[in-house]
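Residues per chain, in single letters:
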Amino acid sequence: MTGSTQSSCCTEDEGPVPRMWTVGEHLADVLAAVAPLPAIELQLLDAQGCRLDEDVVATGDLPPFDNSSMDGYALRTADTTGADERYPSVLTVVGDIAAGAGELPKVGPGQAARIMTGAPMPPGAEAVAPVEWTDGGTGSGKAADSMGAPVEGEEVRVLRPVAQGAHIRRRGSDITAGAEVLGAGTVLGPAQLGLLAAIGRGTVRVRPRPRVVVLSTGSELVQPGDPIGPGQISDSNSFTLTAAARDAGAIAYRVGGVPDDAAVLRAVLEDQLGRADLIVTSGGVSVGAYDVVKEVFDSYGNVDFRRLRMQPGKPQGFGRIGGVPLLALPGNPVSSYISFELFVRPVIRTMLGAPDIHRPVVRAVCRAALRSPAGRRQFLRGWYSSSDGEVTPIGGEGSHLVGALAKANCLIVVPEDETDVAADSTVDVVLLTA
Ligand code: AMP
Ligand code: MG
């Protein structure tokens, strides 16, 4: 990636002090190492949620032919002039046109063709009388709500005049051939995929979703639902991070609970490299952590471990293994989630080619006083209310507090140079649910 390793600076009295990076510096380095994934041609449903990489032009008209918008009778309007319930127009039924019909009867004066919704208009017909405006071909002279079975030489009574073009969906009235229907950059949701199908596109060129492998490390981890022994805990990070990666637009693969064993971790990594555009790990990067994760990543020769001026989330690793970008997040659940939001989400959004790679940040009034360590940018969990523009901290600073995290909808940011924030101050708030 940047190739910068842990450098040092010195103070006169204390000797070498390991360098610390700001959140902004780390984010810039991480983002500099990734780019939008190359566009590919995908089947329509595989392209859901992806961004178009082409301007899509319709090759034909939509609808492709004039067709009826009602079940009824296709007829010539002059035949219905002055028709009413007492003196209906009596027309001879010359055919029956279902949706998808290829051969069409010709409708001449005094004639009508029974027609279904979506069926092509027959030659000679100028309008459609909905079945409710007729006796349904029953000969009863009463308005019908359905059509009788087709009978050769049958008559239909039309009970009111029908205007030119009534109940016809004209060819090209939705989309005309040659028109651009969707521009490059459009995110493909249900309606856009339907439109592509409607104009006959089977595949489409898009920026694909990045495939993100999420791997949690720690010999203490047990998969949720399995029996828990002494000193063990459920692996929650791999679920949080996999869900967060999906939420950011990725295809995420959860590889839960890899033990702190160099051979096992190496084998799992090698196994996963083939299907990953990005690898995200949790655990094993803090000072004093069991060194297996660092040892394994170091052996690939291209992963930096850093200490950031932030809380929580001080220890971070990033680099590339086997050509695949890797972000190694700290193991504490709140730290790993906040690290994901700050660094991994923008990476995924960049790979997607999204214009909005960051969460929105708003200003809000915090009624509570806040404390924050000097020299660190602090991210506290909070609840932001857009109706009154206020934010309330939830839970304490502890980076193990998953209960409080699950109740939060935002992060309250206290800048590096502030240690005490007075009650009723205005603070920056990162919205997590927008
Ligand atoms: P580490 O960064 O590996 O030293 O882990 C720091 C703390 O986070 C320890 O208390 C770990 O037990 C905890 N932890 C690490 N990984 C996970 C995980 N996947 N799910 C929940 N807690 C974890
Ligand atoms: Mg660990």
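Worth saying up front: this structure is predicted, and the values here are computed from it rather than measured.

**A look at the overall build of the chain**
Then step 1. Helix and strand counts for the chain come out as seven helices and 30 strands.
Then step 2. Compactness check: the chain gives a C-alpha radius of gyration of 33 Å against a globular reference of 22 Å for 434 residues, more than 25% above the reference.
Then step 3. Counting only C-alpha atoms and orienting by the principal axes, one finds that the chain spans roughly 110 × 50 × 45 Å.
Then step 4. Taken across its 434 residues, the chain has 47% of its residues classed as buried.
Then step 5. Within the chain, contacts between residues at least 6 apart in sequence are counted, and of these 70% link residues at least 24 apart.

**Here we look at the site of ligand 1**
Then step 1. Glu-220, Asp-235, Ser-236, Gly-284 and Gly-331 are the nearest of the 17 residues found near ligand 1.
Then step 2. Between ligand 1 and Ser-236 there is a distance of 3.0 Å, counted from a nitrogen atom to a backbone nitrogen or oxygen.
Then step 3. Note that an oxygen atom of ligand 1 is positioned 3.2 Å from one of the backbone N or O atoms of Asn-332.
Then step 4. Protein chains shield 78% of the accessible area of ligand 1, which is 480 Å² for the free molecule.
Then step 5. At the level of secondary structure, the elements contributing two or more residues to the shell around ligand 1 comprise β15 (211-217) and β17 (233-234).

**Quick notes on the nonpolar core**
Across soluble globular proteins, nonpolar side chains have a tendency to be buried as a group.
Then step 1. Among the nonpolar cores identified, the biggest contains 38 residues, and Leu-278, Leu-327 and Ile-348 are the most heavily contacted of them.
Then step 2. Of all the secondary structure elements, the ones that give two or more residues to this core are α1 (23-32), β15, α3 (237-247), β19 (278-282), β23 (324-329), α6 (333-352) and β28 (410-414).
Then step 3. Split by domain, this core shows at least three residues from each of two domains, domain 1 (3-37 + 209-352) and domain 4 (361-431).
Then step 4. In this view, Ile-348 contacts Pro-210, Val-212, Ala-245, Ala-248, Ala-250, Leu-278 and Phe-340; residues no more than four positions away in its chain are not counted.

**Description of unusual backbone geometry**
Then step 1. Here Leu-62 and Pro-63 are connected by a cis peptide whose omega angle stands at -10°.
Then step 2. Within the element layout of this structure, Pro-63 appears in the loop between β5 (56-57) and β6 (67-68).
Then step 3. Cis geometry is adopted by the peptide bond preceding Pro-312, which originates at Gln-311 and carries an omega value of -5°.
Then step 4. Its identity as a non-glycine residue notwithstanding, His-167 has a phi of 60°, on the positive side.
Then step 5. Tracing the chain through its elements places His-167 in the loop between β11 (155-158) and β12 (168-169).
Then step 6. The class for His-167 is partly exposed, based on a relative accessible area of 23%.
Then step 7. Its identity as a non-glycine residue notwithstanding, Asp-424 has a phi of 70°, on the positive side.

**A word on the pairing of strand β27 (residues 390-393)**
Then step 1. Summarising the sheet, strand β24 (residues 361-366) and β27 pair through two bridges and their orientation is parallel. Note that in β27 the partner of Cys-366 across the bridge is Val-391.
Then step 2. Sheet analysis places strand β26 (residues 377-385) next to β27, joined by four bridges and oriented antiparallel. By the bridge assignment, Trp-383 is partnered in β27 with Thr-392.
Then step 3. The turn linking β26 back onto β27 is made up of four residues, and Gly-389 within it adopts a positive phi angle of 65°.

**What to know about the sheet that holds β15**
Then step 1. Taken together, six strands build an open sheet; the order of strands is β18-β15-β19-β23-β22-β20 and the sheet is mixed. Only two strands of the sheet have a single partner each, and these edge strands are β18 (251-258) and β20 (303-307). Going from strand to strand, the sheet's axes swing by 15° on average, the running direction of each strand aside.
Then step 2. As judged from the five bridges shared by strand β22 (residues 315-321) and β23, these two strands associate in the antiparallel manner. From the neighbouring strand, Gly-317 faces β23, where its bridge partner is Ala-328.
Then step 3. Along the sheet, α6 makes contact with β15, β19, β22 and β23, crossing β23 at roughly 165°.

**A word on α6**
Then step 1. Of all the bends in α6, the greatest measures close to 45° and is centred on Phe-340.
Then step 2. Burial within α6 is extensive, with 20 of its 20 residues counted as buried.
Then step 3. Gly-353 lies just past α6 and shows a positive phi near 75°.

**A few points about the domain arrangement of the chain**
Then step 1. By domain assignment, the chain separates into domain 1 (3-37 + 209-352), domain 2 (40-62 + 173-207), domain 3 (70-169) and domain 4 (361-431).
Then step 2. Using C-alpha coordinates to define each centre, domain 1 is positioned 37 Å away from domain 2.
Then step 3. Surface buried jointly by domain 1 and domain 2 totals about 420 Å² across both partners, of which 38% is contributed by carbon and sulfur atoms.
Then step 4. For domain 1, the biggest contributors to the area lost against domain 2 are Leu-37, Arg-209 and Leu-352; these three give 83% of the whole.
Then step 5. Joining domain 1 to domain 2, the criterion identifies two residue pairs in polar contact (both at pLDDT 80 or more).
Then step 6. Per-class residue counts for the side of domain 1 that touches domain 2 are three nonpolar, no polar and two charged.

Rules behind the numbers
Residues numbered from 1 in each chain as written. Chains lettered and ligands numbered in written order. Predicted model: local features only at pLDDT ≥ 70, side-chain atom pairs only at ≥ 80, totals over all residues. Heavy atoms only, no water. Helix = DSSP H or I, 4+ residues; strand = E, 2+ residues; numbered from the N terminus. Rg over C-alpha atoms; globule rule 2.2 N^0.38 Å. Buried < 20%, exposed > 50% of the residue type's maximum accessible area, 1.4 Å probe, protein only. Contact = heavy atoms within 4.5 Å. Near = heavy atom within 4 Å. Polar contact = N/O pair within 3.5 Å; in protein donor to acceptor, adjacent residues only side chain to side chain. Areas by Shrake-Rupley, 256 points an atom, 1.4 Å probe, with all protein chains shown as cover. Core = buried A, V, L, I, M, F, W, Y, C linked by side-chain atoms within 4.5 Å. Domains from an automatic or database assignment. Pairing = 2+ DSSP bridges. Axes fitted to C-alpha atoms, helices over the stretch in contact; angles between N-to-C directions. Bend = angle between axes of the 7 residues up to and from the residue. Buried area = accessible area lost by both parts, 1.4 Å probe. Nonpolar A, V, L, I, M, F, W, Y, C, P; charged D, E, K, R; others polar.

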